[in-house]
Amino acid sequence: MPWLFLLLALGAVVIAFTTTSVPLAAIALVLSLVFVVIGVLGLLAQRVGSQSRNEAMMVDPVELRRLREQADARRAAAAAPADDPARTPPAGP
């Protein structure tokens, strides 16, 4: 997509150089400048996006294991009934 803006900028420069109208040439030059800025910013955004790391890989493996153990403990606690009268231990001798 940024290449499209750069092509539009080139087209605006061609229009500016081939026209005989001064106001149209001024408008074309301003549009060319705007398209170049948008195109360059788009290229920079693509480069930064391709260089960024995956957020899932930012967690340390030890920390990830600890978080999984905590989640498993919470699931186990939620699955086990808290006070089930039917599961009370029998009275001792």
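Residues numbered from 1 in each chain as written. Predicted model: local features only at pLDDT ≥ 70, side-chain atom pairs only at ≥ 80, totals over all residues. Heavy atoms only, no water.

### Comments concerning the confidence of the model for the protein
- Here the protein averages 84 in pLDDT, and 83% of its residues register 70 or above.
- At the level of individual helices and strands, the protein shows its lowest average pLDDT in helix H3 (residues 61-79), which scores 90, and its highest in helix H1 (residues 2-18), which scores 93. (pLDDT = per-residue confidence, 0-100. Helix = DSSP H or I, 4+ residues; strand = E, 2+ residues; numbered from the N terminus.)

### Remarks on the pattern of salt bridges
- For the structure on display, the rule yields two salt bridges.
- In this structure, glutamate 63 engages arginine 66 in a salt bridge whose closest nitrogen and oxygen atoms are separated by 2.6 Å. Taken together, the residues span about one helical turn, with glutamate 63 and arginine 66 both in helix H3 at a distance of three residues.
- A relative accessible area of 36% places arginine 66 in the partly exposed class.
- Residues arginine 75 and aspartate 72 are paired through a salt bridge, measuring 2.7 Å at the closest nitrogen-oxygen approach. Residue arginine 75 and its partner aspartate 72 are located together in helix H3, separated by three residues, close to a single helical turn. (Salt bridge = Lys/Arg side-chain N within 4 Å of Asp/Glu carboxyl O. Buried < 20%, exposed > 50% of the residue type's maximum accessible area, 1.4 Å probe, protein only.)

### Examining the packing of H1 against helix H2 (residues 22-51)
- Running from amino to carboxyl end, H1 crosses H2 at an angle of 160°, the nearest separation of the two axes being 8 Å. As judged from the angle between their axes, H1 and H2 are roughly antiparallel. Considering the relative orientation of H1 and H2, their crossing is left-handed.
- Broken down by class, the residue content of the contact of H1 with H2 amounts to 19 nonpolar, four polar and no charged. (Axes fitted to C-alpha atoms, helices over the stretch in contact; angles between N-to-C directions. Parallel < 35°, antiparallel > 145°, perpendicular 65-115°, else oblique. Left-handed = near helix turned anticlockwise from the far one by under 90°. Nonpolar A, V, L, I, M, F, W, Y, C, P; charged D, E, K, R; others polar.)

### Examining the side chain of serine 32
- Mapped onto the secondary structure, serine 32 falls in helix H2.
- Excluding anything up to four places from it in sequence, serine 32 contacts Ala9, Ala12 and Val13. (Contact = heavy atoms within 4.5 Å.)

### Some remarks on H1
- A rise of 1.5 Å per residue sets the reference length of H1, with its 17 residues, at 24 Å; its end C-alpha atoms lie 25 Å apart and thus fit the reference within 8%.
- Here H1 has its buried residues at Pro2, Ala9, Ala12 and Ala16. All buried residues of H1 project into a common sector of 70° when viewed along the axis, lining one side. Looking at H1, the residues exposed on the side facing more than 90 degrees away from the buried face are Trp3, Leu7, Leu10 and Thr18.
- Where H1 is buried, its residues contact H2. (Expected span 1.5 Å × (residues − 1). Arc of directions from axis to C-beta.)

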